[in-house]
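# Residue-level structure breakdown
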Amino acid sequence: MLNVPRNAIRIAKSRKEALFIAYGSFILSKVCDDNSVKELRKYGIERADFATETERQAYEYVVNYAEANGDQAPSYATLIAEVPAFDDAYVPDVTDNMFVLAQGIKAERQEREFVAIMNDLAREHEKGNGKNLLEQLHKRSQEAIMGTSVRSRTGTSAKEDTAKVETEYDRRKEGESNRIWASHFPSINREIGGYASANMYTWYGRSGRGKSIMVLEEIVKAAQDGATCLVWSLEMSWYEVMVRIYVSLSGRLGLRQVTFDDAGQVAAGFDSRAIRHGDLTPEFEAEFRSFLANIDAHLKGDIIVRATDDEGFTDRSAAELRKNIEEYEADVVMIDPFYLMNYERNEDKTPGGAATKTSQKLRGMAGYTQTVMHVITQADEETEQQNDEGERELSVPTRKDIMKTKAVLQDAASVFGIDTVKGHGEISLGKGRDGGEGVSLELLYYPGVGVVREISAEEALVKQF
């Protein structure tokens, strides 16, 4: 049976609330009074553990304040100034052990998780969706158990944590952990095995060469496969991003045939320019509206876009990104581009230190949120190489050409260089922990009608003749 904190009982009785113990309020009050933010991490106390929106807001402020101030907790006065509603929940002089308080808040969360799971399963059963109820119950219960466990020590012991290893093995066996999201491009799947959760991948190229388009192709593929994807578009408007998503998806469906001089007849999608300008023909406009009305049939997952013209989207920090990941329970994240984020503070005053700290923050965030993180950056411009006809030739930049920061290359599991020109594209795999370094793939590249795909070895052979 849970040991109820002495301090908690005293306060509860004084307020005639003996049946309700607000563990979240006690924990946050103690953290501020004792300046002990590290104990939140030590016992694995997170946002979802708190029962009320006021407590969750207070928790977020405490954590964000600590990140910006060398792990120092805000004072009571500072916290109340930022979260006034917490004034009614604040409890002075909490003397109970944080481990006991952590047990209490996790137990409260267990009760809430149990009720939520049962309610959700009951609704599914009422709808006649009983086939997968046991599988859902197993998955949800495993997630709840892991999320409501109190961490008493850090690290994993090879001798004492064999049960933990077995649990993680079973989760991976069932596809519930270390999820792999396939690439749109077969060679990337062949060389690195797709994109593994908890990893960061960096894409780079010169200005206007299709970096955003390439990564959006991966986002659309993941969403087709059931992922919830979060796109941070720091240059393009939300409508432009949505147009690219829908055009890409329609191209995969092959809604029409388009003939190109160098590629012949190709299955393609809607015309992106016509959608951007609101200028589709009546026939295609009707088809486009039907396509939108039936989007569920084309996307198992979803794509959430936060774009540069979104009202109130002024905080582009790593802390805000984490909030969005948790809010939408994202599986795959796209940051376009990295160098327009709000960088972390460069407390050491080292050259490039702010970008380096931000990159490291993203790398760590991919790990503890278990997301795939696609990060886009830019390469230096160079004199363009031309062929005998005066046409620019494909020239994928190398890693030394990265303009904004090299940290995103060092922190990435794999890096991808990009170049495109007049219907053709190339992706070159650079550094990769899972292999593939030095491999290049050739693309058919007509993104305006949703055609961005790898040219097969057979097609490449035919082109030579």
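Summarised in this report is the structure supplied together with it. All figures in this text were calculated on a predicted structure; none of them were measured in a lab.

Another aspect to go through is the overall build of the chain. Looking only at helices and strands, the chain has 17 helices and 13 strands in total. Classification of the 465 residues of the chain by burial places 46% in the buried group. Here the analysis covers contacts within the chain between residues at least 6 apart in sequence; of these, 67% occur between residues at least 24 apart. On the chain, roughly 24000 Å² of surface is accessible, and the fraction owed to carbon and sulfur atoms is 48%.

Here the focus is helix H4 (residues 53-68). Look at H4: 23 Å from first C-alpha to last across 16 residues, which is about the 22 Å you get at 1.5 Å a residue. The complete set of buried residues in H4 reads Glu55, Arg56, Ala58, Tyr59, Glu60, Tyr61, Val62, Val63 and Ala66. Residues of H4 that are buried sit in contact with helix H2 (23-34), helix H3 (38-42), helix H5 (76-82) and helix H14 (318-328). Count one or two residues on from H4 and you reach Gly70, which has phi positive near 60 degrees.

Before going further, it helps to examine the sheet that holds strand S7 (residues 302-307). Sheet strands line up and pair through hydrogen bonds in the backbone, either parallel or antiparallel. In spatial order, the strands read S7-S4-S8-S9-S3-S10-S11-S12-S13; together these nine strands make up an open sheet with mixed pairing. A strand with exactly one partner marks an edge of an open sheet, and here the two such strands are S7 and strand S13 (451-454). Going from strand to strand, the sheet's axes swing by 20 degrees on average, the running direction of each strand aside. Strand direction decides the pairing type here: strand S11 (residues 424-432) and strand S12 (residues 440-446), joined by five bridges, are antiparallel. The residue of S12 that forms the bridge with Gly425 is Leu443. Each of strand S3 (199-205), strand S8 (332-336) and strand S9 (372-378) is contacted by helix H15 (residues 353-369), which is oriented at about 135 degrees to S3, the strand it contacts most.

Tallying each qualifying case throughout the model produces 19 salt bridges. Taking the shortest distance from any N to any O, the salt bridge between Arg47 and Glu60 comes out at 2.3 Å. A residue pair is termed long-range when its members are at least 10 positions apart, and Arg47 in the loop between H3 and H4 and Glu60 in helix H4 qualify at 13 residues. Using a relative accessible area of 16% as the deciding quantity, one classes Glu60 as buried. Residue Lys361 is joined to Glu67 by a salt bridge in which the shortest nitrogen-to-oxygen separation is 3.4 Å. With Lys361 in helix H15 and Glu67 in helix H4, this pair connects stretches of sequence that are 294 residues apart. One network of salt bridges, with partners in common, ties together Glu46, Asp49, Lys106, Arg109 and Glu113.

Attention shifts here to the packing of aromatic side chains. In the structure shown here, the tally under the stated rule is 15 aromatic pairs. With centroids separated by 4.3 Å and ring planes inclined at 40 degrees, the aromatic side chains of Tyr76 and Tyr90 adopt a geometry described as tilted. With Tyr76 in helix H5 and Tyr90 in the loop between H5 and helix H6 (98-126), the pair connects residues that are 14 residues apart, well separated along the chain. A relative accessible area of 14% places Tyr90 in the buried class. On the numbers, 4.9 Å between centres and 70 degrees between planes, the contact of Tyr195 with Tyr201 is edge-to-face. The same class applies to Tyr195 and to Tyr201, which are both buried. An aromatic cluster of at least three residues, connected via ring pairs, comprises Tyr195, Tyr201, Trp203 and Phe416. Here Arg256 stacks its cationic end above the ring of Phe284, 5.3 Å away from the centre of that ring. In this structure, Arg316 is placed above the aromatic ring of Phe313, and the distance from its NZ or CZ to the ring centre is 4.9 Å.

Reading guide: rules and limits
- Residues numbered from 1 in each chain as written.
- Predicted model: local features only at pLDDT ≥ 70, side-chain atom pairs only at ≥ 80, totals over all residues.
- Heavy atoms only, no water.
- Helix = DSSP H or I, 4+ residues; strand = E, 2+ residues; numbered from the N terminus.
- Buried < 20%, exposed > 50% of the residue type's maximum accessible area, 1.4 Å probe, protein only.
- Contact = heavy atoms within 4.5 Å.
- Areas by Shrake-Rupley, 256 points an atom, 1.4 Å probe, with all protein chains shown as cover.
- Expected span 1.5 Å × (residues − 1).
- Pairing = 2+ DSSP bridges.
- Axes fitted to C-alpha atoms, helices over the stretch in contact; angles between N-to-C directions.
- Salt bridge = Lys/Arg side-chain N within 4 Å of Asp/Glu carboxyl O.
- Phe/Tyr/Trp six-rings, centres within 6.5 Å; stacked < 30°, edge-to-face > 60°.
- Lys NZ or Arg CZ within 6 Å of the ring centre and 35° of its normal.

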